[in-house]
Amino acid sequence: MSTPIHRTSTRQSAAVLTSAQQRREGSRTGSTSARSTEHALLAMQSRAGNRATTAAVQRARDTARDPARDTERDRAAENGGASAGAKKNYRDRIAALLDRFKKNLEPIDTFIKGFQTPTNAAFTQQAAVSANEGLKHSTAASGTSAASGNLLTEAAGTVVSGMDAYKNMKDAKKHETGANHHTAKKKAKTKGADAVVGAANSGNYSAAIAKEVTKVQKAADAAVASEASGIASASIGAIKGMRSAFRVGGAARKYKEVKNLGDPHLVHAGSLARLNESREQAGWAAAEAYVALDAYWAHGGQERLELVSEAIDAAWEAMGEARDTAESLQRAEKDVEKLSTVQAYAKKKQLTKMGKETVSGGGESTKAAAGIVTAVAAGTVGLASNPVGWGLAGAGAGLVLGVTMYKALRAATKRYEEVHHPERWAPKGETPEEAASRKESLKHALKFWKKVSKGERQAMAREIYALAAGPAISGSGSTTDEMRESARSLLIALKSGPAKHKLEPEAWVETLNDPAKTGDWIQEIAEQLASG
């Protein structure tokens with residue numbers, strides 16, 4: 001799939017550069033050195049992009065082959081070799097291979113969008129100003145290579161998103177209610193939208209390829225192709241910008257819902273005061289019991305032993321009550337701190353999402369404006385050398401690239417901490433895995449195709465569930481009713497309430513108190529913390 005792109009782009013680039021060099025030598029005009037540098041840079045971009053794409057394809061094949069075979073063997077053993085299981089394994093193998101293929105292409109795609117495409121736009125504008133036909137054709141060849149790489153990545157992502165959407169739709173139907181149903185339904189909608197946007201974007205890149213090819217071939221309809229490409233680019237940029245705006249709105253609403261819950265220290269000040277009062281009363285009762293015990297010891301009557309025995313029992317009971325109330329107060333204070341921490345984390349996640357989507361949406365909107373300028377320039381000779389399109393394309397690419405690099409750096413940092421400091425976010429009561437060395441941790445951090453499975457978000461999800469779960473869940477039996485209600489209100493604010501799970505409130509509470517659904521709930525909460 002990658003070889004034809006490599007051969008075609010290389011031949012076109014070489015032919016165009018050779019032709020341009022001959023024309024320059026024949027005319028013997030000035031600025032030969034500068035133009036040679038431009039052509040060399042464009043040729044290097046084309047070759048580097050195609051070679052990197054070819055290497056990514058081979059790497060995806062090599063790395064996905066053995067895990068896919070292991071997955072197939074294991075699942076076939078579980079399903080007893082049934083034909084339905086074989087089909088499922090085959091589909092899972094394809095999905096895993098395409099997903100790995102896409103993730104291997106993403107760094108190349110990021111380079112193309114953030115550097116090669118804006119650079120091509122700059123050289124295109126320069127070529128238009130100087131009427132340099134050789135430079136025009138060189139930029140067209142480089143643009144063909146760039147758009148081809150974008151198309152390959154986008155097409156793979158579209159197929160993966162479509163398969164994920166289909167799988168989650170089936171899971172949502174299978175689990176008609178509960179956390180599993182809501183998680184699958186939400187993923188199905190998200191992945192379905194990703195597939196639609198990916199398909200539209202693939203059409204955009206196909207139009208970009210057609211535009212650049214017409215330039216290379218000096219076709220008469222080059223202006224028409226450029227105008228169509230500009231319109232397609234503007235449309236997809238507007239769609240992505242609108243989608244980011246909806247995501248910002250969703251995150252803002254979730255942030256507001258969590259904020260409206262109030263500061264747990266203030267909300268639970270009354271209940272903590274009552275527990276403290278109970279502790280003080282129990283302490284006084286214990287002290288009085290010991291005073292009575294001392295008095296009975298000093299009594300000289302025949303009933304002394306009987307009174308002392310009763311006093312000892314009363315003192316022991318009073319001390320137990322004092323100890324229990326003190327532990328309840330201490331537990332409640334810790335739970336308030338936990339609830340405050342998880343609420344602050346939930347708000348921070350939504351603020352971060354709003355920031356990323358705002359910047360990303362701004363970048364896509366800017367790219368849409370650049371597409372409009374391109375379309376206008378294609379039909380208006382006077383605007384052919386206008387630098388506005390180049391500037392907008394560069395600005396939009398810079399914003400999108402900044403968000404992409406931020407996400408990549410954050411993910412790498414989390415992967416590093418996951419294996420280098422496994423004790424940091426390990427579940428309570430579970431022995432952490434052995435910490436990896438710095439070298440091994442850095443290698444793991446660079447595995448950009450792997451998701452973080454034991455990070456801060458998962459730890460916060462466990463904390464929220466422990467506070468909201470019922471007494472049947474280990475570690476949640478001592479949670480006060482007031483604290484449990486507050487944690488469940490947080491779940492509702494995070495869009496994990498009864499209505500989202502298609503359950504009545506009583507049935508929803510029962511799922512929280514079901515040990516068999518603990519893993520599903522933690523996954524659901526982790527997903528909702530990350531989404532808007």
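All values reported here derive from a predicted model rather than from experimental measurement. (Residues numbered from 1 in each chain as written. Predicted model: local features only at pLDDT ≥ 70, side-chain atom pairs only at ≥ 80, totals over all residues. Heavy atoms only, no water.)

Peer 1: Looking at this structure, I do not really get the overall build of the protein. What am I missing?
Peer 2: When helices and strands are counted, the protein shows 15 helices and 0 strands. Looking at the protein as a whole, 38% of its 532 residues qualify as buried. Taking the intrachain contacts of the protein between residues at least 6 apart in sequence as the baseline, contacts between residues at least 24 apart amount to 78%. Of the accessible surface of the protein, which amounts to about 28,000 Å², a share of 57% is contributed by carbon and sulfur atoms. (Helix = DSSP H or I, 4+ residues; strand = E, 2+ residues; numbered from the N terminus. Buried < 20%, exposed > 50% of the residue type's maximum accessible area, 1.4 Å probe, protein only. Contact = heavy atoms within 4.5 Å. Areas by Shrake-Rupley, 256 points an atom, 1.4 Å probe, with all protein chains shown as cover.)

Peer 1: Sorry if this is basic, but what is going on with the packing of helix 12 (residues 456–468) against helix 15 (residues 518–530) here?
Peer 2: Describing two packed helices takes the angle between their axes plus the distance from one axis to the other. Close contact between helix 12 and helix 15 brings their axes to 8 Å; oriented N to C, the two are set at 120°. Judged by the angle between their axes, helix 12 and helix 15 are oblique. Our pair here, helix 12 against helix 15, has a crossing hand that is right-handed. Packed against helix 12, whose contacting residues are Arg457, Gln458, Met460, Ala461, Arg462, Ile464 and Tyr465, the element helix 15 presents Thr518, Trp521, Ile522, Ile525, Ala526, Glu527, Leu529 and Ala530 at the interface. (Axes fitted to C-alpha atoms, helices over the stretch in contact; angles between N-to-C directions. Parallel < 35°, antiparallel > 145°, perpendicular 65-115°, else oblique. Left-handed = near helix turned anticlockwise from the far one by under 90°.)

Peer 1: Please clarify how a positive patch on the surface should be interpreted in this entry.
Peer 2: On the surface, a cluster of positive charge is contributed by Lys185, Lys189, Lys500 and Lys502. Mapping lysine 500 onto the fold places it in the loop between helix 13 (481–493) and helix 14 (505–512). (Patch = residues over 30% accessible without salt bridge, like charges linked within 9 Å, V, L, I, M, F, W, Y side chains within 5 Å. Salt bridge = Lys/Arg side-chain N within 4 Å of Asp/Glu carboxyl O. Lys, Arg positive; Asp, Glu negative; His and termini not counted. Charge placed at Lys NZ, Arg CZ, Asp CG, Glu CD.)

Peer 1: Just to check I follow, could you spell out the side chain of glutamate 357 for this structure?
Peer 2: Structurally, glutamate 357 is set in helix 9 (residues 304–379). Ignoring sequence-local partners within four residues, the contact set of glutamate 357 consists of Ser244, Arg247 and Val248.

Peer 1: What's the story with helix 13 in this structure? I'm lost.
Peer 2: Because an α-helix packs 3.6 residues into every turn, residues spaced three or four apart end up facing the same way. Taking 1.5 Å of rise per residue, the 13 residues of helix 13 would be expected to cover 18 Å, and the 18 Å separating its terminal C-alpha atoms lies within 8% of that figure. At the C-terminal side of helix 13, lysine 495 shows a positive phi close to 65°. (Expected span 1.5 Å × (residues − 1).)

Peer 1: Any chance you could explain the side chain of asparagine 204 here in plain terms?
Peer 2: Mapping asparagine 204 onto the fold places it in helix 5 (residues 178–216). On the basis of relative accessible area, asparagine 204 is assigned to the buried category, the value being 8%. With near-sequence residues (within four places) excluded, asparagine 204 lies in contact with Ser229, Ala232, Ser233 and Ile236.

Peer 1: What's the story with the environment of glycine 361 in this structure? I'm lost.
Peer 2: Secondary-structure assignment places glycine 361 in helix 9. Look at glycine 361 and you get buried, because its relative accessible area is 7%. Filtering out sequence-adjacent residues up to four positions away, glycine 361 remains in contact with Gly241 and Ser244.

Peer 1: Honestly, the packing of helix 13 against helix 14 in this entry has me stumped. Any pointers?
Peer 2: Running from N to C, helix 13 and helix 14 cross one another at 105°; their axes reach a closest spacing of 13 Å. In this view, helix 13 runs roughly perpendicular relative to helix 14, as classed from their interaxial angle. Residues Arg488, Leu491 and Ile492 of helix 13 pack against Trp508, Val509 and Leu512 of helix 14. Residue classes in the contact of helix 13 with helix 14 are distributed as 5 nonpolar, no polar and 1 charged. (Nonpolar A, V, L, I, M, F, W, Y, C, P; charged D, E, K, R; others polar.)

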